[in-house]
Amino acid sequence: MNHSTIANAEVVRLITIPISHYSEKVRWALDLLKISYTEERHVPVFHRLATRKYGGSSVPVLVTQSGNFTDSTDILHYLDTLSPESQCLYPKERELRREVEELQELFDARLGADTRNWGYFYRSGDRKTMRKAWCNGTPQFERVGFEIAFPLISAKVRQVYNITADSAASSLQGIKEIFEIVDRRLAGGKTYLVGDTISAADITFAALVAPILLPPEHPVLVAKIEELPIEMATVIKELQSTAAGVYALRLYRDQRRVQ
Ligand SMILES: N[C@@H](CCC(=O)N[C@@H](CS)C(=O)NCC(=O)O)C(=O)O
């Protein structure tokens with residue numbers, strides 16, 4: 001996937017798994033800052049062949065002339081050093097910056113794992129859904145590998161993340177708790193979580209909930225709500241209608257511009 005050059009002479013490389021929400025967080029930041037990049041998508045398990053060359057195991061990995069970054073928050077901090085004053089991901093004012101960093105840490109540590117685990121509980125065994133989620137834009141040999149090894153990859157994912165009915169229920173509880181925190185922060189009609197412009201906190205929240213809120217602007221559309229199991233669709237509709245859900249969908253609609 002090639003993205004055109006707008007700001008920098010350097011075109012950085014972004015290694016991803018298509019549906020990875022931590023990868024989407026970085027994709028969004030790159031698009032927002034108009035930094036040229038080439039995305040290299042991989043099917044899970046195969047991604048390790050790409051990431052380990054750069055000292056990483058998970059995605060995203062950002063490969064640049066200034067070094068390689070193997071964590072989405074480290075990547076956003078690096079990108080912030082390249083951004084113009086008018087479009088910074090982390091506010092210059094110390095207190096606001098601290099708030100952005102704390103929210104981002106909370107979303108990264110809890111929300112990201114909870115949305116993934118809850119979503120995988122319902123969908124990781126469904127070959128058609130996971131083909132869209134994991135194979136879109138990946139090399140052909142990996143797509144062939146997916147077709148052959150899907151039951152194994154899917155079982156491995158459930159084992160690694162301990163996906164069970166109990167863990168899904170506790171993840172949903174965790175998601176609701178974070179939504180309540182975000183609802184409270186947005187009280188009084190605030191447009192963004194911190195300050196008056198979009199920050200790393202907003203991008204992180206919206207990207208990490210996207211696989212379960214299904215914004216139509218997401219670059220990797222996996223399923224329409226009508227195609228989901230009724231129990232899952234009911235919860236998604238509930239989450240979409242909370243203040244936090246409306247806000248994340250609005251951010252996608254108004255602020256997610258793919259280069
Ligand atoms: N803290 C990491 C978490 C990244 C992460 O969990 N990535 C998942 C995909 S969303 C992954 O690569 N899982 C496969 C693996 O760890 O091998 C970050 O923010 O970059």
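Residues numbered from 1 in each chain as written. Predicted model: local features only at pLDDT ≥ 70, side-chain atom pairs only at ≥ 80, totals over all residues. Heavy atoms only, no water.

Thoughts on the overall build of the protein chain
What counts is decided by this rule: Helix and strand assignments come from DSSP, with helices taken as H or I runs of at least 4 residues and strands as E runs of at least 2, each series counted from the N terminus. For this measure, only C-alpha atoms enter the radius of gyration; the expected value for a globule follows 2.2 Å times N^0.38, where N is the number of residues. Burial here depends on accessible area, computed with a 1.4 Å probe over protein chains only, as a share of the maximum for the residue type. Under 20% is buried, over 50% is exposed, and the range in between is partly exposed. By definition in these notes, contact holds between two residues if any of their heavy atoms fall within 4.5 Å.
When helices and strands are counted, the protein chain shows ten helices and four strands. For the protein chain, the succession of helices and strands along the chain, N to C, is β-α-β-α-β-β-α-α-α-α-α-α-α-α. Rg of the C-alpha trace for the protein chain: 18 Å, near the compact-globule value of 18 Å for 259 residues, within the 12% margin. Residues classed as buried in the protein chain amount to 51% of the 259 residues present. Long-range contacts, defined as pairs at least 24 residues apart, comprise 73% of the intrachain contacts of the protein chain with a sequence gap of at least 6.

Re the packing of aromatic side chains
Centre-to-centre distance and the angle between the planes together describe a pair of aromatic rings. Our working rule: Each Phe, Tyr or Trp ring (for Trp, its six-membered ring) is paired with any other whose centre lies within 6.5 Å, and the angle between the two planes then decides the class: stacked below 30 degrees, edge-to-face above 60, tilted in between. Sitting over a ring, as applied to charges here, requires NZ of Lys or CZ of Arg to be within 6 Å of the ring centre and within 35 degrees of the ring normal.
If you walk through the whole model with that rule in mind, you get twelve aromatic pairs. Among the aromatic residues, ring-to-ring pairing joins Tyr120, Trp134, Phe146, Phe150 and Tyr161 into one connected group. Geometry around Tyr161 places Arg116 over its ring, the cationic atom sitting 3.6 Å from the centre.

Details of the domain arrangement of the protein chain
Selection rule: As annotated, the domain borders come from an automatic or database domain assignment. In this description, buried area is defined as the sum, over both parts, of the accessible area (probe of 1.4 Å) that is lost when the two are combined. For this analysis, a salt bridge means a side-chain nitrogen from Lys or Arg found within 4 Å of a carboxyl oxygen belonging to Asp or Glu.
Considered domain by domain, the protein chain is made up of domain 1 (12-87) and domain 2 (94-123 + 165-255). Contacts between the two partners involve 17 residues from domain 1 and, on the opposite side, 24 residues from domain 2. Per-residue buried area on domain 1 facing domain 2 is highest for Ile19, His21 and Trp28; these three make up 40% of the total on that side. Where domain 1 touches domain 2, the interface holds one salt bridge.

Comments concerning the site of the ligand
We apply this condition: Being near a molecule or strand, for a residue, means having at least one of its heavy atoms within 4 Å of it. Polar contacts, as counted here, are pairs of nitrogen or oxygen atoms within 3.5 Å of one another; within protein the pair requires one atom able to donate a hydrogen and one able to accept it, and residues that are adjacent in sequence qualify only if both atoms are side-chain atoms. Accessibility throughout is a Shrake-Rupley quantity obtained with a 1.4 Å probe, and a residue counts as covered only by protein chains that appear here. Cavity means a closed set of points on a 1 Å grid over the protein atoms alone, one where a 1.4 Å probe fits but cannot get out, pocket means an open set with protein on both sides within 12 Å along at least 5 of 7 lines, and lining means a residue has an atom within 4 Å of a point. Cavities and pockets are treated as containing a molecule whenever more than half of the molecule's atoms lie within 2 Å of their grid points. Any residue outside Ala, Val, Leu, Ile, Met, Phe, Trp, Tyr, Cys, Pro, Asp, Glu, Lys and Arg is labelled polar, Gly included; the first ten of those are nonpolar and the last four are charged.
The ligand sits among 13 residues. The nearest are His47, Arg48, Val59, Asp71 and Ser72. At a separation of 2.9 Å, an oxygen atom of the ligand approaches a polar side-chain atom of His47. Measuring from an oxygen atom of the ligand, one finds a backbone N or O atom of Val59 at 2.8 Å. For the ligand, the accessible surface in isolation is 510 Å², of which the surrounding protein chains cover 78%. Of all the cavities here, the one that holds the ligand is the largest pocket. In the shell around the ligand, the residues fall into four nonpolar, six polar and three charged.

Concerning helix H3 (residues 72-82)
Every α-helix carries 3.6 residues per turn, so stepping three or four residues along brings you back to the same face. Along H3, the positions that sit buried rather than exposed are Ser72, Thr73, Ile75, Leu76, Tyr78, Leu79 and Asp80. If you follow the buried residues of H3, they end up packed against helix H1 (21-32), strand S3 (61-64), strand S4 (67-69), helix H4 (94-123) and helix H8 (200-213). The distance from a side-chain oxygen at the start of H3 to the backbone nitrogen of Thr73 is 3.0 Å, and the residue carrying that oxygen is Asp71.

Brief notes about the sheet that holds S3
The test is simple: Strand pairing requires that DSSP identify at least two bridges connecting the strands. Angles here are taken between N-to-C directions and fall from 0 to 180 degrees, while the axes themselves are lines fitted to C-alpha atoms, restricted in helices to the stretch in contact.
Strand order in the open sheet formed by four strands is S2-S1-S3-S4, with mixed pairing between adjacent strands. Strands at the two margins of the open sheet, each flanked by one partner only, are strand S2 (37-41) and S4. Each strand of the sheet is rotated relative to its neighbour by a mean of 15°, with strand direction disregarded. Where strand S1 (residues 12-16) and S2 come together, five bridges link them in parallel fashion. Within the sheet, the bridge partner assigned to Val12 lies in S2 and is Tyr37. Strands in contact with H1 are S1, S2 and S3; relative to S1, the strand with the most contacts, it is inclined by about 155°.

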